[in-house]
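A structural walkthrough
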Amino acid sequence: MTSKRVFSGVQPTGNLHLGNYLGAIRNFVGLQRDFECIYCVVDLHAVTVWQEPAKLAAQTREVAAAFIAAGIDGEKHIIFNQSQVSAHAELAWLFNCVARVGWLNRMTQFKEKAGSHRENASVGLYVYPNLMAADILAYKATHVPVGEDQKQHLELARDIALKFNHDYGAEFFPVVEPLIFGEATRVMSLRDGTKKMSKSDPSDYSRINVTDGPDEVALKIRRAKTDPEPLPGPDAMVADGKVDPAREAARPEAFNLVHIYAALTDRTVGAVLAEFEGQPFSAFKERLTEVAVGVLGPMGNEMQRLMADPGHVDAVLRKGAERAREIASPVLRATQDVMGFLRP
Ligand code: AQP
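Source: prediction; values computed, not measured.

The full count for this structure, using the stated rule, is 19 salt bridges. Between Asp201 and Lys195 there is a salt bridge whose closest N-O contact spans 3.5 Å. Since its relative accessible area comes to 11%, Asp201 is described here as buried. The class for Lys195 is partly exposed, based on a relative accessible area of 42%. Within the structure, one salt-bridge network assembled from shared partners comprises Asp204, Arg207, Asp212 and Lys220.

As assigned here, the protein chain comprises domain 1 (5-184 + 310-339) and domain 2 (204-306). For domain 1 and domain 2, the distance between their C-alpha centres works out to 29 Å. With 18 residues of domain 1 at the interface, the matching set in domain 2 holds 20 residues. Contact with domain 2 buries area across many residues of domain 1, yet Leu18, Tyr21 and Glu183 alone supply 38% of it, more than any other trio. Where domain 1 packs against domain 2, one counts one salt bridge. One salt bridge connects Asp266 with Arg26, and the closest N-O pair in it is separated by 3.8 Å. Listing elements by their share of the side of domain 1 that touches domain 2, those giving two or more residues are helix 1 (18-30), helix 3 (53-70) and helix 15 (310-339). Sort the elements by how many residues they give to the side of domain 1 that touches domain 2 and helix 3 lands first, with six residues.

Attention now moves to the packing of helix 8 (residues 128-137) against helix 9 (residues 151-167). It is the contact of helix 8 with helix 9, at a shortest axis distance of 9 Å, that shows an interaxial angle of 70°. The angle between helix 8 and helix 9 falls in the class roughly perpendicular. Between helix 8 and helix 9 the crossing geometry is right-handed. Residues Tyr128, Pro129, Asn130, Met132, Ala133, Ile136 and Leu137 of helix 8 lie in contact with helix 9, whose contacting residues are His153, Leu154, Leu156, Ala157, Ile160 and Ala161. Within the contact of helix 8 with helix 9, the residues separate by chemical class into eleven nonpolar, two polar and no charged.

What follows is about the packing of aromatic side chains. Evaluated as defined, the whole model comprises 15 aromatic pairs. Relative to Tyr126, the ring of Phe110 has its centre 5.2 Å away and its plane inclined at 75°; by these criteria the two rings are edge-to-face. Of this pair, Phe110 sits in helix 6 (residues 108-114) while Tyr126 is found in helix 7 (residues 123-126), placing the two residues 16 residues apart along the sequence. Judged by relative accessible area, Phe110 falls into the buried class, the value being 8%. A connected cluster of aromatic rings, assembled from ring pairs, spans Phe95, Phe164, Tyr168, Phe172 and Phe173. Across from the ring centre of Phe172, 3.7 Å away, lies the NZ or CZ of Lys140, which sits over that ring. Against the face of Tyr205 rests Arg223, its NZ or CZ located 4.6 Å from the ring centre.

On to empty space enclosed by the protein, then. Enumeration over the complete set of coordinates arrives at one cavity of 30 Å³ or more. Its volume calculated, the largest cavity comes out at about 40 Å³. Lining the largest cavity, in full, are Met107, Gln109, Phe110, Leu125, Tyr126, Tyr128, Pro129 and His153. For the lining of the largest cavity, the elements supplying multiple residues, two or more each, are helix 6, helix 7 and helix 8. Residues of the lining of the largest cavity, tallied by class, amount to six nonpolar, two polar and no charged.

A few words now on the nonpolar core. Nonpolar side chains in soluble globular proteins generally cluster together in the buried interior. Ranked by size, the top nonpolar core spans 62 residues in total, and within it Leu18, Tyr21, Leu22, Ile25, Phe67, Ile260 and Phe284 carry the most contacts. Summarising the domain contributions, this core has at least three residues from each of domain 1 (5-184 + 310-339) and domain 2 (204-306). Formed by 49 residues, the second largest nonpolar core is a distinct cluster that contains Phe7, Ile38, Leu156 and Ile160.

The next point concerns the site of the ligand. Close to the ligand lie 23 residues; Lys113, Asp149, Val187, Lys199 and Ser200 are nearest. Side-chain polar atom of Asp149 to an oxygen atom of the ligand: 2.5 Å apart, as the coordinates give it. Surface burial for the ligand is 98%, taken as the share of its 640 Å² of free accessible area covered by protein chains. Under a 2 Å grid-point criterion requiring more than half of the atoms, the pocket assigned to the ligand is the largest pocket.

The rules behind these values
Residues numbered from 1 in each chain as written. Predicted model: local features only at pLDDT ≥ 70, side-chain atom pairs only at ≥ 80, totals over all residues. Heavy atoms only, no water. Salt bridge = Lys/Arg side-chain N within 4 Å of Asp/Glu carboxyl O. Buried < 20%, exposed > 50% of the residue type's maximum accessible area, 1.4 Å probe, protein only. Domains from an automatic or database assignment. Contact = heavy atoms within 4.5 Å. Buried area = accessible area lost by both parts, 1.4 Å probe. Helix = DSSP H or I, 4+ residues; strand = E, 2+ residues; numbered from the N terminus. Axes fitted to C-alpha atoms, helices over the stretch in contact; angles between N-to-C directions. Parallel < 35°, antiparallel > 145°, perpendicular 65-115°, else oblique. Left-handed = near helix turned anticlockwise from the far one by under 90°. Nonpolar A, V, L, I, M, F, W, Y, C, P; charged D, E, K, R; others polar. Phe/Tyr/Trp six-rings, centres within 6.5 Å; stacked < 30°, edge-to-face > 60°. Lys NZ or Arg CZ within 6 Å of the ring centre and 35° of its normal. 1 Å grid on protein atoms, 1.4 Å probe; cavity = no way out; pocket = protein on both sides within 12 Å on 5 of 7 lines; lining within 4 Å. Points joined across faces, edges and corners; volume = space filled by probe spheres on them. Core = buried A, V, L, I, M, F, W, Y, C linked by side-chain atoms within 4.5 Å. Near = heavy atom within 4 Å. Polar contact = N/O pair within 3.5 Å; in protein donor to acceptor, adjacent residues only side chain to side chain. Areas by Shrake-Rupley, 256 points an atom, 1.4 Å probe, with all protein chains shown as cover. Sits in = over half its atoms within 2 Å of the grid points.

If you want it as structure tokens, here you go:
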């Protein structure tokens, strides 16, 4: 087993947005130098909530195209879609028998997504974190780059690995490390700074999609909710480069835009506040639009080009799946051996 292997996934649920890019995909790119990377379009996760069958394939290609357009090298590393590698589902079943109901009951994402219709949520949505643990551990991945929202699921993957190793008396699965970095680990909705930017938000004005053109980006940023106050200064920062939580809670939309600007320009939030202190949001929003279009424009164009050539994207996914199977199948077989399954 390699000592440094990265795994991460993105759901093909449509409307890939700036949060997915800044919180996850952009960080995937930088890890290619030091890690062996496996990036997955997690279509089995996507169907935990209803997906239109006629759209799922296009949405899957869209995420794969975003990976490639962002700069992930599908030759050196692995890009594939989850449903092509059956080891994910098989290992997830075994983990359904390792994870405890009490652990899953604590998962805040299930509570948020199921909302008041809990009884009506799919069983798949409930056991989603077990499948995520299987995704990671099928490759014995050691590091998982994700946005802040996935931290709790990663802790569950660690718990599953530890319990499996304990119950079967084997140092079998590694204990994974989350990699959460950048100035935008949790990009918030442009309409409500207390809710994360999300593909499934019914309002398209809540998010900037990675394929939005310059006019759409400009309009969404212009309409983004702020408050009448000018930009705060660097005195809003406390130790460790963090914004004072009380000040952030009082102006969530304002600070969200500052975090986004900092992430897009690769600067710290403190440096951005030092530059823009006292300026009105109208001027700041213009600068934000420029940098957002500057980053997303070339990527969106490349994605459009790739999506116009589905044969190429499909070939990358097919080859990636073959290579993924070569790693995951022996891990699944070894797991079955540890558990004592008969394979005559
Ligand atoms: N708002 C966000 N800020 C920072 N990172 C984010 N991620 C998601 N939203 C934000 C990160 O993107 C990666 C892929 O996410 P996902 O496809 O697994 O879906 P999700 O976490 O459930 O997020 P969405 O976009 O809101 O999708 P829907 O609406 O379909 O549930 C993950 O690494 C995630 O942390």
